[in-house]
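# Fold and contact review
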Amino acid sequence: MADDCIFCKIANGQIPVPLVYQDERVAAFRDINPQAPTHILLVPRAHVTGVPALTDADGPLLAALLTTAAALARQEGIAESGYRLVINAGPDAGQTVDHLHVHLLGGRALGWPPG
Ligand code: DGP
């Protein structure tokens, strides 16, 4: 856990944000600035700065993030209508929090290409 990381604090309960899911590896909570009717962030509970920091050893963590996203999409009722998973990496992609996070977006038609 990184002392100055907001997502570490949320994922580990130091900042009281309602979690929509948690287990030993993954936590999920609603985005503070939702871009769609469903906008959930899934994060590892351990601090990982982002995609560029991933290694082969993170395979099980990535599988857990994606399967949890699929389960939450079913729970949100958007599995059939469709949804998008987004991981922003670096400034051009608009990454603002340096803790790996998967955006789960759905509940409306999402444009392509993204802005
Ligand atoms: P990104 O641009 O991919 O780094 O997305 C970061 C997202 O995190 C952004 O959509 C807003 C969200 N966010 C930032 N701070 C907080 C917070 O304190 N609580 C919650 N729930 N979401 C946050």
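Just above, that's the structure.
Residues numbered from 1 in each chain as written. Predicted model: local features only at pLDDT ≥ 70, side-chain atom pairs only at ≥ 80, totals over all residues. Heavy atoms only, no water.

## A closer look at the pairing of strand E5 (residues 102-106)
Residues in a regular strand point their side chains to alternate faces of the sheet. Burial analysis of E5 places five of its five residues in the buried class, the great majority of the element. Both faces of E5 are covered, namely the face carrying Val102, Leu104 and Gly106 and the face carrying His103 and Leu105. For strand E3 (residues 38-44) and E5, the ladder comprises five bridges, and the chain directions are antiparallel. What sits directly across from isoleucine 40, in E5, is leucine 104. Across four bridges, strand E4 (residues 83-86) lies against E5 in antiparallel orientation. Note on E5: the bridge partner recorded for arginine 84 is leucine 105. (Buried < 20%, exposed > 50% of the residue type's maximum accessible area, 1.4 Å probe, protein only. Helix = DSSP H or I, 4+ residues; strand = E, 2+ residues; numbered from the N terminus. Pairing = 2+ DSSP bridges.)

## Here we look at the nonpolar core
Nonpolar side chains tend to gather and get buried jointly when the protein is soluble and globular. Core analysis: the largest hydrophobic core is formed by 15 residues, its most contacted members being Ile40, Leu42, Leu65, Leu72 and Leu104. Breaking this core down by element, the ones donating at least two residues are strand E2 (26-30), E3, helix H2 (59-76) and E5. In this structure, leucine 104 is in contact with Thr38, His39, Ile40, Leu42, Ala69, Leu72, Ala73, Ile78, Tyr83, Arg84 and Leu85, ignoring residues within four places of it in sequence. Ala2, Ile10, Phe29 and Val97 belong to the second largest nonpolar core, which has eleven residues in total. (Core = buried A, V, L, I, M, F, W, Y, C linked by side-chain atoms within 4.5 Å. Contact = heavy atoms within 4.5 Å.)

## Some thoughts on H2
Relative to the 26 Å expected for 18 residues at 1.5 Å per residue, H2 spans 26 Å between its end C-alpha atoms, a close match to the ideal helical length. Those residues of H2 lying buried are Leu61, Ala64, Leu65, Thr68, Ala69, Leu72 and Ala73. One or two positions beyond H2, positive phi appears at glycine 77, with a value near 80 degrees. (Expected span 1.5 Å × (residues − 1).)

## Examining the site of the ligand
Near the ligand there are 15 residues, and of these Asp31, Asn88, Gly94, Thr96 and His103 occur at the shortest range. Within the side chain of histidine 101, an N or O atom sits 2.8 Å from an oxygen atom of the ligand. One nitrogen or oxygen atom from the side chain of histidine 103 is found 2.8 Å from an oxygen atom belonging to the ligand. The protein chains hide 82% of the 510 Å² of surface that the ligand would expose on its own. Mapped by element, the contributors of at least two residues to the shell around the ligand are helix H1 (6-11) and E2. In terms of residues, the shell around the ligand owes the most to one element, H1, which gives three residues. Residue composition of the shell around the ligand, grouped by class: seven nonpolar, six polar and two charged. (Near = heavy atom within 4 Å. Polar contact = N/O pair within 3.5 Å; in protein donor to acceptor, adjacent residues only side chain to side chain. Areas by Shrake-Rupley, 256 points an atom, 1.4 Å probe, with all protein chains shown as cover. Nonpolar A, V, L, I, M, F, W, Y, C, P; charged D, E, K, R; others polar.)

## Description of the sheet that holds E3
Pairing is antiparallel in the open sheet, where five strands are placed in the order E1-E2-E3-E5-E4. Where the open sheet ends on each side, the last strands, each with one partner, are strand E1 (19-22) and E4. The average undirected angle you get between the axes of adjacent strands in this sheet is 20 degrees. Strands in contact with H2 are E1, E2, E3, E4 and E5; relative to E3, the strand with the most contacts, it is inclined by about 155 degrees. (Axes fitted to C-alpha atoms, helices over the stretch in contact; angles between N-to-C directions.)

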